[in-house]
Amino acid sequence: MSGRTSAVGELRHTFRTPVNHIVGYTEMLLEDLPPDDESHRAPLKAILDAAHDALTQISAVLVPSETPATETVRRLYAELEEPQARIIRAVTSLISAQDLGESAAEDLRRILHAAEQLRPAGIDTDAPAEPETEPADTRPAHVLVVDDIEDNRQLLKRRLERQGLTVSTAEDGKRALAMVEAEAFDLVLLDIMMPEMDGFAVLERLKGNKATRDIPVIVISALDDVASAVRCIENGAEDFLSKPFDPVLLKARVGTSITKKRARDRERAFIESAESVAAAAAAVEAGTYRTGSLGAVARRGDAVGRLARVFDAMATSIRAREQLLHERVRALQVDVARAREAQPGAKADAMPQTGERISGRYEIIETLGRGGMGAVFRARDSELNEEVALKTLKRDSLNDPAVLERFKSEIRLARRITHRNVVRTHDLGEYEGGYYLTMELVEGITLRELIDTRHKLGVESALAIGTQLADALVAAHAEGVIHRDVKPHNLLLDASGTLKVMDFGVARLSERSAGITEVGLVVGTPAYMPPEQLLGEEVDARADLYSAGVVLFEALTGRLPFDAGTPMLLIARLLQEEAPRARSVEPSVPEELDALIAQLLAKKPDARPQTAAALRDRLAGIAPA
Amino acid sequence: MSEAKRVLLVEDNEMNRDMLSRRLQRRGFEVGIAVDGAAGVEMALTGGFDVVLMDMNLPEIDGWEAARRIRAGEEGKRVAIIALTAHAMQGDREKALAAGCDEYDTKPVDFERLLGKIAAALGGSP
């Protein structure tokens, strides 16, 4: 039978029935009025008008095609408040006038009764609506009716079933407790006066058991036994109903209790879900997170579900990125090993310089290399008893006090960068009128050496270099340090394939007040510099990204985007010509990577990827062809 | 004067019964009352009624089922059945007609309109 009725149909029936009564009785009273009785006609017409307004609201809010939500009903109750007040006002004035005769007075009381049913007292329409982020629980609520009297059980069962509820009955307390243990119930309707185990005892057992204490209980008491009802509510009952049942009250109280129970269930599920997301976060920290393990939570429609989905996606992409980097670094290791084999005499060629102690602290062990700005030595830090790299800086670089000051402050900043892909800067010291810089000693080769040996690197290796370079730049830029001289010469690769960027801050030394006229003198090659730097304009983090683009181009193709016989000619081409596409030189370069490099090499900083993080993310998204 | 037409009101709601039966009596109908579907079927088949006003939302045997049972009986084939429902849902009318009802109306009852439908169901016979 209930299969025919939809929830909205039930609600329409509930709301329209009292309107039917109001309209019917009022129309009858109007029919009975003498034609000239305007004093009674006006309030009766007012009742009819208000009833029709109520009906309009009911039809507008309870739309047949929509499943009514708690919020809908609450809104309807709110809408009905005003017409209900008008009806009650008009009908009370007619009743109190006492001039329509006894039978009319009886019908007026019926109208009043119907008006009261239109909107049960105690409905709190101001309470904030529950957010309906979760799909509503569409399972019919399961109610247990506990009463020793067969007729009462059947009456309640019938009424509740007509509300669309699933109803079970128990004839005594013992049976009720057994049923509640065995099955899930959303509500218990409990008679107080029962032989053997009475309602008080059943309530006590229900509320004393952790497994059952959250099931709401509505106690049923005789009308004159309010004291018992109060005692039950004090002992954890949700509400009470008195016999004989008022069907409207029964419906309202049962409905409210079930709604509350469901809200509590949802709340508990929500908290459990939130806890599982927190546990997943801990698992990620511990490195034990398995992606997809938030499955059930991630299917939730609410904020926790969204959080779980975002979280899982992030964990998945981090893991994928790590995996990818791992593979790429492994490919790079192979390249490094081969390059070392190809130049077995490289270290032997370095001019040894031994014994000298600098600043009483650094003992020179050997020379690692000599460059445009000075020489690099392997040295022992006698205070910390560890080996460091010591780089002497040419005296003439630091003649300009402004340059020296800027350099010092840059080194102070560079010392703050702590990252696995950045060579750690230790100390700046003075030596015989000049300066030296100590830094982390990296046993490895420069990318310059690697490219010179292998001519060009594979896509995997280039991606490993690019990703680690981008990671290093993210860390440096976060500290406010721009490298200004990213080039293969400054990129060290150790035997494990880890790339380390060195000389952060050092490039400040080569900066003079002017750009283009002197740059050729100061820097060995401007090939890796962006136009704005060559022109002596203010540079920002995006200059390093341009340089990274040149490094990637060179690593992939074995040549520079621009080449020319003299530095001046090179600068001219660099400023005027569009860079060739890496893919046109080396067809194995994936299209996405080719496009990314072209963007990095854009003349205008605004046209490049704007941050090192963006570069890193773009690289992570590139699959080798 | 022709004999008063006999209307059977099948309705479980007491106020609806009271109100509608009184209004029909005022208009000269003889009104019989059934409070549930089973009684409604029984009375419709044996009471010599001209029209049945059938509330659809009855407990136990609902209005649709009651209408079908009335139509299944011999006398039930002649009586006019008008379905009444406060659900007022789309498709209710079709369902009512499919169950054998001749007409359908919604509650709250527009009484004059209902009288028109009763007259029509009686085939214009006065």
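Presented here is a report on the structure given in the accompanying data block. (Residues numbered from 1 in each chain as written. Chains lettered and ligands numbered in written order. Predicted model: local features only at pLDDT ≥ 70, side-chain atom pairs only at ≥ 80, totals over all residues.)

1. Some thoughts on the overall build of chain B
Then comes step 1: Looking only at helices and strands, chain B features 5 helices and 5 strands.
Then comes step 2: Moving toward the C terminus, one meets the helices and strands of chain B in the order β-α-β-α-β-α-β-α-β-α.
Then comes step 3: Sequence-distant contacts, at least 24 apart, represent 58% of the contacts inside chain B between residues at least 6 apart. (Helix = DSSP H or I, 4+ residues; strand = E, 2+ residues; numbered from the N terminus. Contact = placed C-beta atoms within 7 Å.)

2. A look at the overall build of chain A
Then comes step 1: Scanning chain A for helices and strands turns up 22 helices and 14 strands.
Then comes step 2: Here chain A holds 625 residues, and the buried ones make up 37% of them.
Then comes step 3: For chain A, restricting intrachain contacts to residue pairs at least 6 apart in sequence, the fraction spanning at least 24 positions comes to 65%. (Buried ≥ 20, exposed ≤ 12 C-beta atoms within 10 Å, placed from the backbone.)

3. A few points about the interface of chain B and chain A
Then comes step 1: Listed per partner, the contact involves 20 residues of chain B and 23 residues of chain A.
Then comes step 2: Ranked by residue count, the leading element in the side of chain B that touches chain A is helix α1 (residues 14-26) of chain B, at 6 residues.
Then comes step 3: A per-class count over the side of chain B that touches chain A returns 11 nonpolar, 5 polar and 4 charged. (Nonpolar A, V, L, I, M, F, W, Y, C, P; charged D, E, K, R; others polar.)

4. Remarks on the sheet that holds strand β13 (residues 491-494) of chain A
Residue and element names in this part refer to chain A.
Then comes step 1: Spatial strand order, β12-β13-β14: 3 strands in an open sheet with antiparallel pairing. Since the sheet does not close on itself, it has two edges, and those belong to β12 (444-446) and β14 (499-501), each with one partner. Geometrically, the sheet is characterised by an average inter-axis angle of 30° between neighbouring strands, direction not taken into account.
Then comes step 2: Summarising the sheet, β12 and β13 pair through 3 bridges and their orientation is antiparallel. Note on β13: the bridge partner recorded for Ile-445 is Leu-493.
Then comes step 3: Most of the contacts of helix α14 (residues 447-454) go to β12, to which it runs at about 75°, and overall it touches β12 and β13.
Then comes step 4: Contacting β13 and β14, helix α15 (residues 459-478) crosses the sheet at an angle of about 40° to β14. (Pairing = 2+ DSSP bridges. Axes fitted to C-alpha atoms, helices over the stretch in contact; angles between N-to-C directions.)

5. Section: α1 of chain B
Then comes step 1: Here α1 of chain B contains 13 residues, and its C-alpha end-to-end distance of 18 Å stays within 8% of the 18 Å for a straight helix at 1.5 Å per residue.
Then comes step 2: All buried positions along α1 of chain B are accounted for by Met-15, Asn-16, Met-19, Leu-20, Arg-23 and Leu-24 of chain B. In an axial view of α1 of chain B, the angular spread of the buried residues amounts to 145°, which keeps them on one side of the axis.
Then comes step 3: If you follow the buried residues of α1 of chain B, they end up packed against α1 (7-32) and α4 (102-118) of chain A together with β1 (6-10), β2 (30-34) and α5 (111-121) of chain B.
Then comes step 4: At the exit of α1 of chain B stands Gly-28 of chain B, carrying a positive phi of roughly 90°. (Expected span 1.5 Å × (residues − 1). Arc of directions from axis to C-beta.)

6. With respect to the sheet that holds strand β4 (residues 217-222) of chain A
All names here are of chain A.
Then comes step 1: Ordered by their spatial adjacency, 5 strands build an open sheet running β2-β1-β3-β4-β5, and the pairing between neighbours is parallel. In the strand order of this sheet, the two ends are held by β2 (166-170) and β5 (239-243), each with one partner. On average, each strand axis in the sheet is tilted by 20° relative to the strand beside it, whichever way the strands run.
Then comes step 2: Pairing analysis gives 4 bridges linking strand β1 (residues 142-146) to strand β3 (residues 187-191), with the strands arranged parallel. Note on β3: the bridge partner recorded for Val-146 is Leu-190.
Then comes step 3: Contacting β1, β2 and β3, helix α6 (residues 173-182) runs over the sheet at an angle of about 165° to β1.

7. Things to note about the environment of Arg-583 of chain A
All names here are of chain A.
Then comes step 1: Examined against the element boundaries, Arg-583 turns out to sit in helix α20 (residues 582-585).
Then comes step 2: Judged by C-beta crowding, with 19 C-beta atoms within 10 Å, Arg-583 ranks as partly exposed.
Then comes step 3: For the pair Arg-583 and Leu-556, spaced 27 residues apart in sequence, the C-alpha separation works out to 9.1 Å.
Then comes step 4: Those residues in contact with Arg-583, other than ones at most four positions away along the chain, are Val-589, Glu-591 and Asp-594.

8. Digging into the environment of Thr-367 of chain A
Then comes step 1: In this fold, Thr-367 of chain A is placed in strand β7 (residues 362-371).
Then comes step 2: Considered as a pair, Thr-367 of chain A and Thr-354 of chain A are 13 residues apart in the sequence and their alpha carbons are 8.4 Å apart.

9. Concerning the packing of α6 of chain A against helix α7 (residues 199-208) of chain A
Residues and elements named next belong to chain A.
Then comes step 1: Taken N-terminus to C-terminus, the directions of α6 and α7 make an angle of 20°; their axes are 10 Å apart at the nearest point. One element, α6, and the other, α7, form an angle in the roughly parallel class. Of the two possible hands of crossing, α6 and α7 adopt the one that is right-handed. Contacts between α6 and α7 involve Gly-173, Ala-176, Leu-177 and Val-180 on the former and, on the latter, Ala-201, Val-202, Arg-205 and Leu-206.
Then comes step 2: Residues belonging to the contact of α6 with α7 are distributed by class as follows: 6 nonpolar, 1 polar and 1 charged. (Parallel < 35°, antiparallel > 145°, perpendicular 65-115°, else oblique. Left-handed = near helix turned anticlockwise from the far one by under 90°.)

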